[in-house]
Amino acid sequence: MPYNRSEKLEQARAYEAREEKAIAAADRPRIHLTPRVGWMNDPNGFCCYRDAYHLFYQYYPYETKWGPMHWGHAVSRDLLHWEYLPCAMAPDTPADGKGCFSGSAIELPDGRLELLYTGVSGTDKEPVQAQCVAIGDGTDFEKLAENPVLPPDRQPEGFCAADFRDPKIWRENGRYYCVAAGRHKDNGGSIELFESEDARHWTFVTVLDASRDEYGLIWECPDFFSLDGKQILLVSPQSIGPTDDPEIRPGYAALALMGSYDPQNHRFTRESVRLLDAGMEFYAPQTTLTPDGRRVMVAWMQSWETCNDALRNHRWFGRMTLPRELSVKNGRLYQQPVREIEGMWREESRLTQTADGDLPLPAFHGRYQDLTLVLDTERSPDCKSLTLSFAQGGKYATRVRWEADRRELVFDRSRCGTRRDIPHIRRIPAEPVDGRLTLRLILDGDCTELFVNGGERVISVLIDTPAEADGVSLHSDGPACVELVRHTLA
Ligand code: FRU
C-alpha cells in the first residue's frame, strides 16, 4: 500500500536531505548519534526490527532549538555506527498537530512496525496530550485515522489532560502493555499502566508508582522491565526539590526505581531509588532488548538544565549517549558501554607504573579513545589523590580526581573551554572494590562518559574543548600503583 505522505513530512524530508550536506563528518562525534540537522531530544522507538537497530528521536529539523516535534530516524547494525533514514513523522494530523512527542516501537505479529507516541493537540494554554499509533514498514509510517487511540479521559479521576505522555510499549504473555507518564492532582508525577489485546485499544490497569513530590513534580519518559530478578522502573523527573539522598540533586534527573513486581495484580513494590547518571548531561533514557537478550539503554546526552546552543556553532544540537548494557549486581543497577565497542578498538597502549607527582602520558593522547585506569589502592597506601587529565593542552583540561581520604571522585570540566556558569563539577562516592578503583573513560570528541568500578556509577558530560587539546596525563599526590590500557576508537 502506498504511504500517504503529508506536505509537512515531505518538506522535512527534503530539508534534512539538503541541509545535512553542509555538516562535515568531523563536526560530529564518531559514535554518538546526533540529529541529521537541527534539534534532537529524547530517544524514541528504540528497537531491533528486521535485523537492524532503529533509534528515533525527538526532532525539530529547522532550528537548533526545540520546536514542533517531529520524529527523526536512524538505523544501525552495531549500535555505534548510525545511518539516517528519512524523518519518520511530522506533526501533521488533528491528533498531533502541536507535536509528535516521545514514544516507543514494537513489531506487530504481521511484521509491520508500530510506533506508539504522544500526539499533542488543543491550544497553547490548554494542551491535550493523548497516545497515538502510526504503523509502517520501518521507513514510512501511516497514522491511524482513529487517533488518538488512548485519550486522556481514559485515565482515572484526578489525572489531567495536559500531562499525559511518553508511552513505552511491550508484549507479555500475548498481551500488550504500556506505561505512560501522568499527572495526578494530589500525587503529582505518576506512572500509569495500560493494557491492550491489539496495541490499539487500550484500557487503564493501575498506577505503578507516583512521586508525591518526593522526587519531582512530573515523571517523564517511563520504562518498565525485569532484569536479573528485579523489576526496574526508569523515570525522568522534572523539578526535583530537596531530597534525603545526597546523590540526587534538585532539577531534572533520570532515576532507576528498583523493586519487585507481581504480574497477577500488577503491583510494583519500590525498594530503592538511585540516580542513573551523575553527570550534567543525561536525561530521558529508553531501553530495548537485543536479539541476544541484553537490556540496552540509550539516553539524551543533554539536560534541559544545561542546553543552550549559543556556544557551538553547529547546524545540529543534541546527541545520544552510547548505548549501555544494563545488569543488576548486589541490588544495584550497573551500566557498561555495549560490547560492540570492542570492534572499534584500533591502537592499543598499555602502562603499569608507580606514579608520583606529574606523569605525562604522550602515548595516550587523543580525543577518540576507550581508556581504562586501575588504581591498586591496597598497594598505594600513601596515595592521597590521583588525577587523570584529558582533552588537555594550553589552558584546557578536564580532570577526574580520586580523593583517598574521602573515598570520592571529582569530575571537573571547568577548564574544558566553557564560557557558561552552569554546573561543571560533580563529586560522587567511589569506594575501591577488592583494593582496586577502576575508571573507564570513553572519549568521543567532546562526549565523555566515565564508568566507575565496572559501571556501578556513571558520569556523562560534554566538554567544549578545541580538537587540538588532546593530551592525557596523571598526577599523583603520593606513590600510586596504576595500570592503564587504552584503545583508540576509529
Ligand atoms: C522529555 C520530554 C517528554 C516529551 C518530549 C517533548 O524530555 O519533555 O516528556 O514527550 O520531551 O519533546
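(A) Seen up close, the packing of aromatic side chains. Counted under the stated rule, the structure contains 19 aromatic pairs. Their ring planes at 70° and their centres at 5.1 Å tell us that Tyr 57 and Tyr 59 sit as a pair that is edge-to-face. Just as Tyr 57 is buried, Tyr 59 falls in that class too. The ring of Tyr 368 carries the charged tip of Arg 30 above its face, separated from the ring centre by 3.6 Å.

(B) Inspection of the pattern of salt bridges at higher detail. If you walk through the whole model with that rule in mind, you get 42 salt bridges. Of the charged contacts, one joins Asp 277 and Arg 324 as a salt bridge, the two residues approaching to 3.1 Å between their closest N and O atoms. With Asp 277 in the loop between strand S16 (267-275) and strand S17 (283-289) and Arg 324 in strand S20 (residues 324-329), this residue pair connects regions lying 47 residues apart in the sequence. Note on Asp 277: relative accessible area 4%, which makes it buried.

(C) Focus on the sheet that holds strand S14 (residues 230-238). The strand order S13-S14-S15-S16 describes an open sheet built from four strands, whose pairing is antiparallel. Two strands close off the open sheet at either side, each with one partner strand: strand S13 (218-227) and S16. Within the sheet, the average angular offset between the axes of one strand and its neighbour, ignoring direction, is 25°. Of the pairings in the sheet, the one linking S13 to S14 comprises eight bridges and is antiparallel in character.

(D) Fine view of the state of the cysteines. Taken as a whole and assessed by the stated rule, the structure comprises zero disulfides. In this structure Cys 48 is not part of a disulfide, and its nearest cysteine sulfur, from Cys 47, lies 7.3 Å away. With no disulfide partner, Cys 416 has as its closest neighbouring cysteine sulfur the one in Cys 447, 12 Å distant.

(E) Representation of the environment of Glu 348 within the structure. Within the secondary structure layout, Glu 348 lies in strand S22 (residues 345-360). The exposure class assigned to Glu 348 is partly exposed, which follows from its relative accessible area of 46%. For the pair Glu 348 and Gly 366, spaced 18 residues apart in the sequence, the C-alpha separation amounts to 12 Å. If we skip the residues at most four places from it in the chain, Glu 348 touches Arg 486 and His 487. In this structure the side chain of Glu 348 is engaged in a polar contact, spanning 2.7 Å, whose partner is the side chain of Arg 350. One polar contact links Glu 348 to His 487, side chain to side chain, over a distance of 2.9 Å.

(F) Region of the structure containing the sheet that holds strand S10 (residues 175-184). Strand order in the open sheet made by the four strands is S9-S10-S11-S12, with antiparallel pairing throughout. Edge strands, defined here as strands with exactly one partner in the open sheet, are strand S9 (159-172) and strand S12 (203-210). With direction set aside, neighbouring strand axes in the sheet form an average angle of 25°.

(G) Seen up close, the side chain of Asp 446. Here Asp 446 shows up in the loop between strand S28 (436-444) and strand S29 (447-452). Polar side-chain contacts of Asp 446 include one of 2.7 Å to the side chain of Arg 319.

(H) Summary view of the nonpolar core. With 57 residues, the main nonpolar core has Leu 255, Leu 409, Leu 450 and Leu 474 as its most contacted residues. A per-element tally of this core places strand S31 (residues 471-489) first, with five residues. Ignoring anything within four residues of it in the chain, the contact list for Leu 255 reads Tyr 215, Leu 233, Leu 234, Val 235, Pro 237, Ile 248, Val 273, Arg 274, Leu 275 and Leu 276. One finds Ile 23, Phe 46, Tyr 57 and Trp 82 within the second-largest nonpolar core, a separate group that totals 31 residues.

(I) Region of the structure containing the site of the ligand. Asn 41, Asp 42, Gln 58, Trp 66, Met 69, Phe 101, Ser 102, Arg 165, Asp 166, Glu 220, Tyr 283 and Trp 304 make up every residue found near the ligand. Between Asn 41 and the ligand, the recorded distance is 3.1 Å, taken from a side-chain N or O atom to an oxygen atom. Trp 304 is positioned with one of its side-chain polar atoms (N or O) 2.9 Å from an oxygen atom of the ligand. Isolated, the ligand exposes 320 Å² of accessible area, and the fraction of that covered by the protein chains is 95%. Residue assignment for the shell around the ligand shows that the elements contributing at least two residues are strand S1 (38-49), strand S5 (99-107) and S9. Within the shell around the ligand, the residues separate by chemical class into five nonpolar, three polar and four charged.

(J) Broad picture of helix H1 (residues 7-19). With 13 residues, H1 extends 18 Å between its outermost C-alpha atoms, agreeing within 8% with the 18 Å of an ideal straight helix rising 1.5 Å per residue. For H1, the set of buried residues is Leu 9, Ala 12, Arg 13, Tyr 15, Glu 16 and Glu 19. Take H1 and look down its axis: the buried residues cluster within an arc of 165°, on one side only. Residues of H1 that are buried in the fold lie against strand S2 (52-60), strand S3 (70-76) and strand S4 (83-89).

(K) Layout of the environment of Asp 137. The residue Asp 137 is located in the loop between strand S7 (127-136) and strand S8 (141-143) in this model. Asp 137 sits in the partly exposed class, given a relative accessible area of 30%. Once the C-alpha coordinates of Asp 137 and Asp 470 are considered, the two residues, 333 residues apart in sequence, prove to be 43 Å apart. In contact with Asp 137, other than residues within four places in its own chain, are Tyr 3, Tyr 49 and Arg 50.

Procedures and definitions
- Residues numbered from 1 in each chain as written.
- Predicted model: local features only at pLDDT ≥ 70, side-chain atom pairs only at ≥ 80, totals over all residues.
- Heavy atoms only, no water.
- Phe/Tyr/Trp six-rings, centres within 6.5 Å; stacked < 30°, edge-to-face > 60°.
- Buried < 20%, exposed > 50% of the residue type's maximum accessible area, 1.4 Å probe, protein only.
- Lys NZ or Arg CZ within 6 Å of the ring centre and 35° of its normal.
- Salt bridge = Lys/Arg side-chain N within 4 Å of Asp/Glu carboxyl O.
- Helix = DSSP H or I, 4+ residues; strand = E, 2+ residues; numbered from the N terminus.
- Pairing = 2+ DSSP bridges.
- Axes fitted to C-alpha atoms, helices over the stretch in contact; angles between N-to-C directions.
- Disulfide = S-S within 2.5 Å.
- Contact = heavy atoms within 4.5 Å.
- Polar contact = N/O pair within 3.5 Å; in protein donor to acceptor, adjacent residues only side chain to side chain.
- Core = buried A, V, L, I, M, F, W, Y, C linked by side-chain atoms within 4.5 Å.
- Near = heavy atom within 4 Å.
- Areas by Shrake-Rupley, 256 points an atom, 1.4 Å probe, with all protein chains shown as cover.
- Nonpolar A, V, L, I, M, F, W, Y, C, P; charged D, E, K, R; others polar.
- Expected span 1.5 Å × (residues − 1).
- Arc of directions from axis to C-beta.

By themselves, these observations are geometric and do not establish any function.
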